[in-house]
Structures are given as structure tokens and as C-alpha cells.
Amino acid sequence: MNRAIVRAVAAALAVAWAGACAGQGDEEEDLALAYGDKSFVTIASGVRQPVARAPSVATVITAEDIEAIGAADQDEVLETVPGLHVARSGVGYNPIYTIRGIHTQYNPQVLMLVNGIPVTSAFTGARSQVWGGVPVENIARIEVIRGPGSALYGADAFSGVINIITKTAADINGTQIGVRAGSFKSRDAWVQHGGTWGGFDVAAYLRVGATDGQRQIIAADALSGTPFPSLAPGPVNLGRDAIDARLDLAHDKWRLRAGYQQRDNGGTGAGVASALDPKGHGYGEHISTDLTWQDANFVRDLDVTAQASYLHITEQSDLTLYPPGFPGFPDGVIGNPYKWERHLRFNLSAAYSGLQSHKLRFGAGTQNDDLYRTKETKNYALVPIPGGFFPAPLGAVVDVSDSAPFLRPHSRTVSHAYVQDEWAFAQDWYLTAGVRRDQYSDFGGTTNPRLALVWETAYNLTSKLLYGRAFRPPSFAELYNINNPVALGNPNLKPETNESVELAFAWQAASTLQANLNLFRYRMKDILRFVQNPDASFTAQNAGRQNGQGLEVELVWEASRSLRLSGNYAQQRSIDEATGLDSSNAPRHHVYARADWRFMPGWTLNTQVNHVADRRREPSDTRPAIPDYHTVDLTLRKQKWKDDWDFAFTVRNLFDADAREPSPAPGLIPGDLPLAPREWRFELRHQL
Amino acid sequence: MHCPMFSLATPSSHAESGGRLVAVLLGIVLLVTAALAQAEAPIAVVYPDIGEPYRAIFEKIVEGIEDRAGPRVVKYAVKSSADIAELKTDLRRQDARVVIALGRQGMKAVAPDRSMAMVVGGVSTVPESEVRGLSVISLSPDPSLLFSRLKALMPAAKRVFVVYDPRNNAWLMRLAKEAARAQGLELVAYEAQDLRGAMQQYQTVFATADSRTDALWLPQDTTTVEEGSVLPLVLQESWNRSLAIFSSSFGHVRRGVLFALYPDNVELGKSLAGLALGILASGNHGGGGMMPLRDVRIAVNLRTAQHLGLDLRRQQRGFDLVFPEP
């Protein structure tokens, strides 16, 4: 029946299109003579600026792409990037950005930047546990770099870098209000303005939203089949309330940005202890500001940028680890860890182009990461039992912040310096060499190089050979955790590292066809893991190695003036060297395809198909392999309706596929983590 | 609001019956009133109601027209299926005596009515048979601007080759020859009226061109710069021979030509408004014919510049767009 509906809709659209497009062809033909195809028109007409070419294998997603696919969340956008799959952690269903086969539960191996500044929490080394991303309507573009990038970006640019650029005054250009509502009682409203005021370029954004979240059923959890009460079968807990505000002021060489982001009542997903927790919730708050000064002509041929930035993170989790009725716990096993962090950064960078055949970049900076306060209340203590630990009641919820917290306040200072040169050593040949030194106040220093050999092979073909080394420093949890026998810190850790070699080809096969191919190999060493001790406790260790190889193919085809087809295929195989087996959970095959059909002037229909396949279990996990899945999404968008209104209707997971992400070994949630069923949403925007 | 000009059309009889002073005063009043009426006469802008991203081009041109001509601008967005008769009635009711028609759709909607002066923009070219009585600013950049940019980027340039279809670009080549001479360049222009002819002419170009001093110009021409087969071969041969190519089409920069000039839409709008205001002020019908685009921006391909051995580091600040961005 679903297919019949789709066919009927397609037929109706085709009829409408035939009538409406007759007169537009000539017009576009004329404009194409001056501008080129559609993508050039948006650049040439000043609507979109071309983006910086990243020095690695990069993907750029624009605001137009985000609108076209009807995304309401940055993770829906990131899933479209070749070689990147967004898996889910059971804890809050937080995203695991699995790039080229590197999949870990807290996912600190991906560096997340907002306007080039890390949003990294010192506690896990990843995004904080209650972050929730940047709202999509405020995103100008997302740049994703796959592979190691520590020679430029420093810590955590390990499997990849995701840089989210928010909209400036020019991007917004006027005042826009918007609302979005859909399944799971999701609703969002926002207003954004871009203009000039008192000689300043001003961009302002405010959004308020809430959702109950999808409520797919977890059939069994960690307590199912035990003598203890379980809430399974029961729904996942994915509600949240959101407030976002952002201000961007620019004048001449100065730019001041400030952001506020609050997530409240953030659901616990499938439960922090793999036991359903419908009452648990989290509160997260991010306050950020940065001041940037750039003089593109500081002295002749020297472009200098100085930046100071500040980020404050509050994270408060109120959790019921095991439900009421657990022996000795009439109210359930309760744990409420809170933490507060502040991060202060100063950076100075410069680009010098005064030397024939050389382009130099260099920079230095310092930062302080300060987890300055922790608080913990709980009604249990873990006591050893044969083979593990068991919660023993404390009688009531007590404050253990001073006596036995999960972590005491810690701070670290990091200084860095880097230099990079791009040398045009022969016609059409370029060699880029760079190195960066990071010095940490706690564990010491690390030096990471990169080399890139670029050959402009033909007028329509560029070939690159890339080498890079990256590091991820141990997080505060890995260094300093205490009183938690299942995750104890170890102050004697060193960073984990990743070395990678890539071969990349970018080929403009025809005026309407672009093809990219990347081949890669990588090797991780000194992997940071919590390793079990003889007394059954776990301590962070540099343990293990992993290697992998794979490829990514990307195609973009402007099939006609009204139809654009694009897609990518990523394949990877990663091996844990200790076992010789698959390093697990990451898809070995990932296919994404997309069609954008402008079937009538002002109307677009976007279809995307996402296929995730061949995810292997961890060696200690005896469950059968997790099934592959594919989802289909549709977005219908009308621009300039009644002049200043845009609306969009989106159906995600049109065919209601049973899509699941793997729960970690040994499978305390045996049926894995179900993703959202079919859902719809409607969006309305008005340009004032 | 525009009636006074007609109601005061016969005041000269006062000069005979009254004093000289009255006549002079009345004459001044007449002139001022007429001038005010002229100044406030509406300028109709008829532009295509099409989808994005093309819509943004016309919106920017209209923005420029409004910048220059102010509140007197009356806008009509016309669909391809629009009722032309209704539009004409509306234009008469507005007493519009100058209309700026944008795009082919805008031109088609207004063209049959020659009772109004007409300024045209946002089109590549207009057939010579239809251009009489019109003032058309083409989307084709002025050759003199192209050639002066070429000299700036490649000072050694002495000759420019071009292959064109006279049915599309005869008017432009007449200007180009003058422009080349003024810049101290020699223009070697070959005609071709089909793909095969174009390919043969390009072979001649490649056989004779000296990459140190010669360059190839790609005009806006669907015959001789056909995108599917001609352009890839021209790009490939030019790359292999390190021959500089420049273009009148923005999209070619990403494909690998050294530079292209493309419309600055807001400025183009101002120029169109300037023509319309000039017609109103002069009271004649205009009819300036085809004019090349002088409101341009420049996009440069730095990858190609490096391949050609051109050092553009010092000039980069003057470029509006570069591909690929460093």
C-alpha cells in the first residue's frame, strides 16, 4: 500500500510538472550561459559563498542541503557524509560518530567544533553527555574532515573533525521566523535576524523547542531474566526541552560571538546501567563566547588572526540506575552526578604568502581546561561480590561530594605551536608538510606531523597522497575517576594515536558529473580502554591496537536542470589486533543515495535512501549478527509561497523499517537499540 | 498624480493676454510641474516569477533598480503563464512610460507593446530583428573589461583567439575588435555555425597558438562553447598546452578556465534604472540597442593560474571569488 501511495504521488507531481515547467526552460538556459548550472547561480548571486577547501578529504554540507533533506537535527545531516555513520549509545541515545570504522561508546575520537572552537568536555573527552548539537536552521554549513588532523587541529582530530559554522548577518539577511512540529510531540519555534546596526553586522538567533522523543519498545534490559524487577518491555526515554540563543557581532577586523544552549529533561535513552529509566533526566548548559581579530594584510603578504574564547559547561544527571523494587531500594538505585567545567583558550595564527612557491601557516596557543566542581548524591555504594560489584543501600540519598565522589576537581593547561608549508616544487605538484607540538600539564607532550602530496593530474583530475598522525589525550574520567570500581582512572596514561595513509582522487568526469574516490589505511596504537583487573574492577589502560582499511566513492550528477542525483558508498574493514577479529559495531558497508527533483518552479521533492550493513558483534558478544537496515525519507518543500513563506513536509523512515543500532557487549539490552519508526514533520518559515 | 502635466498643456494663451512676468512665472510653474511629474513617473519592472536559485538573480537586479530609482518603481513578477493583456492594462493604469523588462519572460510579457519605452536586462542576447527601439544590457561582459583583466593577470598576452557563432555574437565581436585594439591586443576571431565547424576552428587555434603570448576567449555561445563535447576537449587541450583560457561564463571557472567575469546584479540593476531615468528625463524612447555588461565581478581559478605559472598572490585581494579557495 505504501508503494501505491508513492506511485500515485509521483504520477500527480509529474503531471503538474509537465504543465508548469514549459516556460522556465528558456529563461534558465539564458542564465546558465552567464552563470553555469544551479550550484553556480547560488554562489554568483551572492546567496552562498564558496567554502574553504579543507586540506584533507573533506565534505561540505550547506544550509541548502540541510533544508533540502528536511533535517531537524545535525545528526540527520551527518549521516549523509561518506564514511560517517551515526550510531547510538544506550546512554541518552547520544550519537556515536563512527568514522571509517572507529566506534567507541563515548566517541572522543571525533573533534567537534562550533565555528572552529572545540565543544569538548574534559570529563569524557567528547561532547558533553547532554549537548544535543546545534539547531539546524542556524547552521550555515558543516565541514567534515575524515582522517587524522592533529597536525593542524590538535587533540581529538583522530578519526575526523566536524566543524559547524553558524549563520552570520549576511547568511540570514533579514528577519526569519519559523516553526516545526511533528511526530512524538516534537515542536520547535525560532526567530533569527541578520542585518546591520550602528556599524556592526549583527546576527541573532533564538530557539525554543521540546519533544517527547520516539518511544520504541526495549523488549528486555539488563534486569530481564534476573530475580530483580525490570521495567522492560518499555519505551526508550528520549524527551528533552531545548533553548538556544546566539549572537554574532562583526565590525571591520573584529568579531564577537556569544552562545547559550540549554537542554533540560534530557531522556536517559535505554538507561545508563542498561536498565530502563523512565524517570531519569539530564540538564546541560553551554555558555560560550569568543572574540576574534583578523587582519588579512597585517603587513604585506601576512594574514594574522588572534582569538580568545571561553566555554562553560554545566551537566547534571539525575538517574535511577535500577528501578524501584530493586532489593533494598524502594525508590530504586539512585545516582546523581553533577559537574561544572570552564575552558579558556587563546590562539594566534598567521598565513604568509610572500615567498615564491611557498605558502606558510603557523600558529601557537594555550588553553586551560578546568573541571572545577563536582557534586554527587546517591543512595548506594558498590560492594564487591564474586565476579563483579553489587549496589548496597546507604539508607537514603546522601551527598558524597566530599567523602566519595566519582571525581574530584581537576584542571590541565595545554600549550601548542604548529607550522605548515605548502611548496609548489614543480608544475602541478605540491607538497604540504606540517607539524604540531602539544604540551599537556598532566601527561606531557606529543608531536604530530602530516604530509600531503598533491598532483594536479589533468584539468579535471586531482590526485592526493596523504599521511597524518593524530592523538587523543586521556580524558579526566580516564585519568582521575575514583570510587567507581567499574571505571577507575589511571594517572599514568599516555595518548592513544592514529596513523593514516590515504590516496584520494577528485574527478570532474563531465560538466554535470563529479566523482571522488578515497582509499585509506589506518593504525591505532595505545588505545585507551577500561581493562578488567583481577578483583573484577576496571581501570583505564593504554591497551590494544586496531588497524583498518577501506574506501569511499562519491558521485554527484546533475541529470537535468530539474533533477540532481547524488550518493556515496563507504566500505571499511577494521581489525582488533589482539583478537584478529573485526573491531565491531561499525558498518562494513554504508550506502547513501539522494535525489533532488525540482518538479515545478519553487517546489522540490527530496528522496534519500540510507543503507547500513554488515555490523559485526564484539568477540565477547554471542548474540546473532545485528540485521542490516535501510530507511527512505521524503521531503517536499515549497519556497516563496505567497512571496515570503516557505513550507516543508517531511516523512522519515517512510516504510517504517525496523532499524537498530548495536547495544554494547555482552548485550545487556539483547534486542539492541531501536531507532525511530516512521515519523512526519511539518515546517513553516516566514521572511519578514 | 500624473495628470497635471496634461491639464496644463495649453497655458501659453496667458502670455498673450497678461503681462510678460505672468507668462514667465507660468512658464516656470509649467516646467517645474512637468519636471516633477517626470520625476515621479513610475518605472515598471517586469521580471520572471521563477523558482530558486534563479529567482535570487532577479531579486538582486530589482534591489539595484530600487536603490537607484526609489519608490517610483512598480514591480510585476510574471509567470510564464501570465495573462499579458491584464499586465498591459495594469501598466497603462499606472501610466508607466518606461518599463524595465528582465529576463526572457519579462521581455516576452512586454515586448509587443511599443507604446512604452523599454529597457531590457537579464538576457544573454536579443535577435537583431527585435532589438530596434530597445535598450538592452546583455549578460555578456564587455570585451574591453575582459581584455583589460587578461592583461592584468597575464601581462605577456598579445593575441586573443575566439570561436563564435555570428548568429549569436556578431554584435559582440564588433565591439571586441575595437576593444582588443584599444588594449594593444590582436583579436583572432573564427566563425562557426555548428559543432563540427567549431571543433575544426579550435584545432586551428591550438595548432597556431603560442601559450606564452596567446589566450583563448570563450564567449556566451551555445554553438561554439557547447558544454557537453566541445568544452571538455577545449579545456583538456588548453591544459595540456598550458594555454590560458578566459570566459564570459562564471561556471567555467570551476571547470578550469583562468578567469571569468560575471554579473554584479545589484549594480546591473542600478545601470538599468539609470537608463530608464535617462529616458524619462530626455523624453525620447531610448533605443540604445545591445550593450555589453559593464557591471561585473571577477572569479579566478588559482589552480589553473598556478598551472600556467602565473603569480597572482599580490592580485588576489581584488578577486571577488576564487576557485578552489586556498
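For clarity, every value in this text was computed on a predicted model and none was experimentally measured. (Residues numbered from 1 in each chain as written. Chains lettered and ligands numbered in written order. Predicted model: local features only at pLDDT ≥ 70, side-chain atom pairs only at ≥ 80, totals over all residues. Heavy atoms only, no water.)

**Some remarks on a nonpolar patch on the surface**
A cluster of nonpolar side chains, contributed by A:Ile177, A:Val191, A:Leu206, A:Val208 and A:Leu688, occupies part of the molecular surface with about 410 Å² of accessible area. Relative to the helices and strands, A:Leu206 resides in strand β10 (residues 200-211). (Patch = residues over 30% accessible without salt bridge, like charges linked within 9 Å, V, L, I, M, F, W, Y side chains within 5 Å. Areas by Shrake-Rupley, 256 points an atom, 1.4 Å probe, with all protein chains shown as cover. Salt bridge = Lys/Arg side-chain N within 4 Å of Asp/Glu carboxyl O. Helix = DSSP H or I, 4+ residues; strand = E, 2+ residues; numbered from the N terminus.)

**Comments concerning the pairing of strand β17 (residues 333-352) of chain A**
Residue and element names in this part refer to chain A. Where strand β16 (residues 302-322) meets β17, 18 bridges bridge the pair, whose relative direction is antiparallel. Counted as the bridge partner of tyrosine 322 is valine 333 from β17. Strand direction decides the pairing type here: β17 and strand β18 (residues 358-385), joined by 18 bridges, are antiparallel. Bridging across to β18, lysine 339 finds its partner in threonine 374. Count of turn residues in the β17/β18 antiparallel hairpin: five residues, of which serine 357 carries a positive phi of about 70°. (Pairing = 2+ DSSP bridges.)

**Things to note about the domain arrangement of chain B**
Residues and elements named next belong to chain B. Domains assigned within chain B are domain 1 (4-39), domain 2 (41-140 + 265-296) and domain 3 (143-262 + 297-323). Here the C-alpha centre of domain 3 lies 30 Å away from the C-alpha centre of domain 2. Counting from both sides, the interface comprises 13 residues of domain 2 and, opposite them, twelve residues of domain 3. Taken together, domain 2 and domain 3 are joined by zero salt bridges. At the junction of domain 2 with domain 3, the criterion picks out five residue pairs in polar contact (both at pLDDT 80 or more). (Domains from an automatic or database assignment. Contact = heavy atoms within 4.5 Å. Polar contact = N/O pair within 3.5 Å; in protein donor to acceptor, adjacent residues only side chain to side chain.)

**Re the interface of chain A and chain B**
With 54 residues of chain A at the interface, the matching set in chain B holds 50 residues. Taking both sides of the interface into account, the surface hidden between chain A and chain B amounts to around 4,700 Å²; carbon and sulfur atoms contribute 53%. Our enumeration of links across chain A and chain B arrives at three salt bridges. Its salt-bridge partner being B:Arg104, residue A:Asp30 comes within 3.0 Å of it at the nearest N-O pair. Taken together, chain A and chain B are joined by 21 residue pairs in polar contact (both at pLDDT 80 or more). Those elements that place two or more of their residues in the side of chain A that touches chain B are α2 (24-35), α3 (38-44), β15 (281-299), β22 (444-458), β23 (461-472), β24 (496-510) and β33 (629-641) of chain A. The greatest single-element share of the side of chain A that touches chain B, amounting to ten residues, is contributed by α2(A). (Buried area = accessible area lost by both parts, 1.4 Å probe.)

**Some remarks on the pattern of salt bridges**
All names here are of chain A. In the structure shown here, the tally under the stated rule is 62 salt bridges over all chains. Here arginine 588 and aspartate 582 are joined by a salt bridge, their closest N and O atoms 2.7 Å apart. Per residue, the accessibility class of arginine 588 equals that of aspartate 582, and both read buried. Residues participating in the shared-partner salt-bridge network are Glu67, Glu137, Arg180, Asp188, Arg207, Asp244, Arg263, Arg637, Glu683 and Arg685. (Buried < 20%, exposed > 50% of the residue type's maximum accessible area, 1.4 Å probe, protein only.)

**Quick notes on the packing of helix α10 (residues 195-208) of chain B against helix α11 (residues 230-241) of chain B**
Residues and elements named next belong to chain B. α11 packs onto α10 with a crossing angle of 5° between their chain directions and a minimal axis gap of 11 Å. Looking at the two axes, α10 sits roughly parallel to α11. For the pair α10 and α11, contact is made by Leu195, Met199, Tyr202 and Phe206 and by Val230, Leu233, Val234, Glu237, Ser238 and Arg241, respectively. Its residues assigned to classes, the contact of α10 with α11 comprises seven nonpolar, one polar and two charged. (Axes fitted to C-alpha atoms, helices over the stretch in contact; angles between N-to-C directions. Parallel < 35°, antiparallel > 145°, perpendicular 65-115°, else oblique. Nonpolar A, V, L, I, M, F, W, Y, C, P; charged D, E, K, R; others polar.)

**Focus: the sheet that holds strand β4 (residues 117-123) of chain B**
Residue and element names in this part refer to chain B. Judged by pairing direction, the sheet is parallel, and its six strands sit side by side in the order β2-β1-β3-β4-β5-β11 without closing on themselves. Two strands in the sheet have a free side with no partner beyond their single neighbour: β2 (73-78) and β11 (289-293). Taking each pair of neighbouring strands and ignoring which way they run, the sheet shows an average axis angle of 20°. Packing of helix α6 (residues 103-110) onto the sheet brings it into contact with β1 (43-48), β2, β3 (98-102), β4 and β5 (134-141), and relative to β3 it is tilted by some 140°.

**As for the nonpolar core**
All names here are of chain B. In this structure, Phe147, Leu150, Trp217, Phe246 and Phe259 are the most contacted members of the largest nonpolar core, which totals 55 residues. The element contributing the most residues to this core is helix α9 (residues 166-182), with six residues. Core analysis: the next-biggest nonpolar cluster, separate from the first, contains 30 residues, Ile50, Val62, Leu272 and Leu293 among them. (Core = buried A, V, L, I, M, F, W, Y, C linked by side-chain atoms within 4.5 Å.)

**Section: the sheet that holds strand β9 (residues 244-247) of chain B**
All names here are of chain B. An order of β7-β6-β8-β9-β10-β12-β13 is seen for the seven strands of this open sheet, with the pairing classed as mixed. In this open sheet, the two strands that pair with only one neighbour each are β7 (186-191) and β13 (321-323). Strand-to-strand, the axes of this sheet are offset by a mean angle of 20°, without reference to chain direction. Bridge count for strand β6 (residues 159-164) against strand β8 (residues 214-218) is four bridges, and the pairing is parallel. Note on β8: the bridge partner recorded for valine 162 is tryptophan 217. Sitting on the sheet, α9 is in contact with β6, β7 and β8, with an inclination near 165° to β6.

**Description of the environment of A:Ile313**
Residue and element names in this part refer to chain A. Tracing the backbone shows isoleucine 313 in strand β16. Classification of isoleucine 313 by relative accessible area gives buried; the value is 2%. Considered as a pair, isoleucine 313 and valine 119 are 194 residues apart in the sequence and their alpha carbons are 9.1 Å apart. Those residues in contact with isoleucine 313, other than ones at most four positions away along the chain, are Val119, Thr120, Ser121, Ser128, Glu285, His286, Lys339, Trp340, Glu341 and His343.

**Here's the deal with the packing of helix α8 (residues 143-153) of chain B against α9(B)**
All names here are of chain B. The N-to-C vectors of α8 and α9 enclose an angle of 40°; their axes lie 8 Å apart at closest approach. As judged from the angle between their axes, α8 and α9 are oblique. Crossing handedness for the pair α8 and α9: right-handed. Facing α8, whose interface residues are Pro143, Ser144 and Phe147, α9 presents Leu172, Leu175, Ala176, Ala179 and Ala180. Within the contact of α8 with α9, the residues separate by chemical class into seven nonpolar, one polar and no charged. (Left-handed = near helix turned anticlockwise from the far one by under 90°.)

**Some points on helix α4 (residues 54-69) of chain B**
Residues and elements named next belong to chain B. When the terminal C-alpha atoms of α4 are compared, their 23 Å separation across 16 residues agrees well with the 22 Å that a helix rising 1.5 Å per residue should span. If you check which residues of α4 are buried, you get Tyr54, Arg55, Ala56, Ile57, Phe58, Ile61, Val62, Gly64, Ile65 and Ala69. With its phi angle positive at about 70°, glycine 70 sits one or two positions after the end of α4. (Expected span 1.5 Å × (residues − 1).)

**A few points about the packing of aromatic side chains**
Residue and element names in this part refer to chain A. Under the criterion given, the structure shown has 27 aromatic pairs over all chains. An angle of 70° between the planes, with centres 6.2 Å apart, marks the rings of tyrosine 338 and tryptophan 340 as edge-to-face. Given the relative accessible area of 9%, tryptophan 340 is considered buried. One aromatic cluster in this structure is built from Phe228, Tyr322, Phe326, Phe329 and Phe390. Stacked on the ring of tryptophan 340, the Lys or Arg arginine 373 has its end atom at 4.0 Å from the ring centre. (Phe/Tyr/Trp six-rings, centres within 6.5 Å; stacked < 30°, edge-to-face > 60°. Lys NZ or Arg CZ within 6 Å of the ring centre and 35° of its normal.)

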